[in-house]
Amino acid sequence: MSAPEVRIETGWKKALAQEFALPYFQQIKQFLVQQKAAGKTIYPPGALLFNAFDSTPFSKVKVVILGQDPYHQPGQAMGLCFSVPKGIRTPASLVNIYKELHRDLGISNPGHGDLTSWAQQGVFLLNAMLTVEHANAGSHSRIGWQRFTDAVIRQLSEQREGLVFLLWGNFAKSKAALINQERHTVLEAVHPSPLAGNKFQGCGHFSKTNEILAKQGLQPIHWQIPA
């Protein structure tokens, strides 16, 4: 039985058609099918696997925020990096992102962790790995997802212009080599995780991003998330 066809926003489907056809991507799909057949719980739910892509069409991307791994506890992962659904406790890294938003732009904490409103404005919230096994962080880091998401970053770099890439932490910074920095802006900072202390505070990435977009005549991001 062949793996089901990938369902994803049409612009992304066109941009990534070659990747979807390669053997390694078929192997990713087979691995996930086998894991589910073996009774493993995989996050996010299948319908949200390409949520970042469906929420931010290829032609609408303005800003890219790169995460590493989906959250691995029940109800958390929703296919957008750093984001959790309403009703789920806001993760510590996102709390620190909210603190910097307040320091940078005076924006208040919305009281939840759902970043969908950013995605709908052109903030592409990409995790380098798109899936994870329940309670097993990093468990899908070697099944091929990084090859796929590296290709995603390259496609954005090659086919789009004037994007702002926000790379937080050493893992995200390692992806800077995939980006043509003559065509795009790369802003780097320490990861917002509490494990990095408070060094993320003061980066000013949110105001800087809007300044860059405004200079291009683009609508700035409304970073305040509805409560």
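Residues numbered from 1 in each chain as written. Predicted model: local features only at pLDDT ≥ 70, side-chain atom pairs only at ≥ 80, totals over all residues. Heavy atoms only, no water.

Draft legend 1. How the structure looks around helix α5 (residues 92-105). In this model, α5 (14 residues) spans 20 Å end to end at C-alpha, consistent with the 20 Å of a helix rising 1.5 Å per residue. Where α5 is buried, its residues touch α6 (116-119), β5 (164-168) and α9 (205-215). A positive phi of about 70° marks G106, the residue just after α5. (Helix = DSSP H or I, 4+ residues; strand = E, 2+ residues; numbered from the N terminus. Expected span 1.5 Å × (residues − 1). Contact = heavy atoms within 4.5 Å.)

Draft legend 2. Summary view of the nonpolar core. Counting 67 residues, the largest nonpolar core has F53, W118 and F148 as the members making the most contacts within it. When neighbours within four sequence positions are excluded, F53 is seen to be in contact with I8, E9, W12, L16, F124, L126, L130, F148 and V152. (Core = buried A, V, L, I, M, F, W, Y, C linked by side-chain atoms within 4.5 Å. Buried < 20%, exposed > 50% of the residue type's maximum accessible area, 1.4 Å probe, protein only.)

Draft legend 3. Quick peek at the side chain of N127. Inspection of the secondary structure puts N127 in strand β3 (residues 123-127). Residue classification places N127 among the buried residues on the basis of a relative accessible area of 9%. Looking at N127, its side chain comes within polar contact range of the main-chain nitrogen of Q68, at 3.4 Å. Every residue in contact with N127, bar those within four places of it in the chain, is listed here: G67, Q68, D69, P70, L80, C81 and T149. (Polar contact = N/O pair within 3.5 Å; in protein donor to acceptor, adjacent residues only side chain to side chain.)

Draft legend 4. Representation of empty space enclosed by the protein. Here the structure, examined in full by the defined rule, presents 2 cavities of 30 Å³ or more. The space that makes up the largest cavity amounts to roughly 50 Å³. Lining of the largest cavity is provided by L49, A52, F53, P70, G79, L126, N127, M129 and L130. At the level of elements, α4 (51-55) and β3 are the ones that each hand at least two residues to the lining of the largest cavity. For the lining of the largest cavity, a count of residues per class yields 7 nonpolar, 2 polar and no charged. A volume near 30 Å³ is recorded for the second largest cavity. Considering the residues around the second largest cavity, the lining is formed by P44, P70, Y71, A77, M78, G79, L80, S83 and N127. Taken together, the residues of the lining of the second largest cavity sort by class into 6 nonpolar, 3 polar and no charged. (1 Å grid on protein atoms, 1.4 Å probe; cavity = no way out; pocket = protein on both sides within 12 Å on 5 of 7 lines; lining within 4 Å. Points joined across faces, edges and corners; volume = space filled by probe spheres on them. Nonpolar A, V, L, I, M, F, W, Y, C, P; charged D, E, K, R; others polar.)

Draft legend 5. Seen up close, the environment of V164. Within the secondary structure layout, V164 lies in strand β5. On the basis of relative accessible area, V164 is assigned to the buried category, the value being 0%. Apart from residues lying up to four places away in sequence, V164 is in contact with K62, V63, V64, T185, L187, T209, I212 and L213.

Draft legend 6. Up close: the side chain of T131. Within the secondary structure, T131 is located in the loop between β3 and β4 (132-133). One polar contact links T131 to H140, side chain to side chain, over a distance of 2.7 Å. At 2.7 Å, the side chain of T131 forms a polar contact with the side chain of W145.

Draft legend 7. Seen up close, the pattern of salt bridges. Throughout the structure, instances matching the rule amount to 4 salt bridges. The salt bridge partner of E133 is K40, with a shortest N-O separation of 3.6 Å. Placement of the pair is E133 in strand β4 and K40 in the loop between α3 (23-37) and β1 (42-43), with a sequence separation of 93 residues. (Salt bridge = Lys/Arg side-chain N within 4 Å of Asp/Glu carboxyl O.)

Draft legend 8. Expanded view of the sheet that holds strand β2 (residues 63-67). Here 4 strands make up an open sheet; going across it, the order is β3-β2-β5-β6 and the pairing parallel. Among the strands making up the open sheet, the edge pair consists of β3 and β6 (185-189). For this sheet the average axis-to-axis angle between neighbouring strands, irrespective of direction, equals 20°. For β5 and β6, the ladder comprises 5 bridges, and the chain directions are parallel. Within β6, the position partnered with L166 by the bridge is L187. (Pairing = 2+ DSSP bridges. Axes fitted to C-alpha atoms, helices over the stretch in contact; angles between N-to-C directions.)

Draft legend 9. Here's a closer look at the packing of aromatic side chains. Overall, the coordinates contain 20 aromatic pairs when judged by the stated rule. Considering the side-chain rings of F25 and W145, the 6.1 Å spacing of their centres and the 75° angle between planes classify their relative orientation as edge-to-face. Note that F25 is positioned in helix α3 and W145 in helix α7 (residues 145-159), a separation of 120 residues in sequence. F25 sits in the buried class, given a relative accessible area of 1%. What makes W145 buried here is its relative accessible area of 1%. Look at W145 and F148: their rings are 5.9 Å apart centre to centre, the planes differ by 65°, and that puts the pair in the edge-to-face class. (Phe/Tyr/Trp six-rings, centres within 6.5 Å; stacked < 30°, edge-to-face > 60°.)

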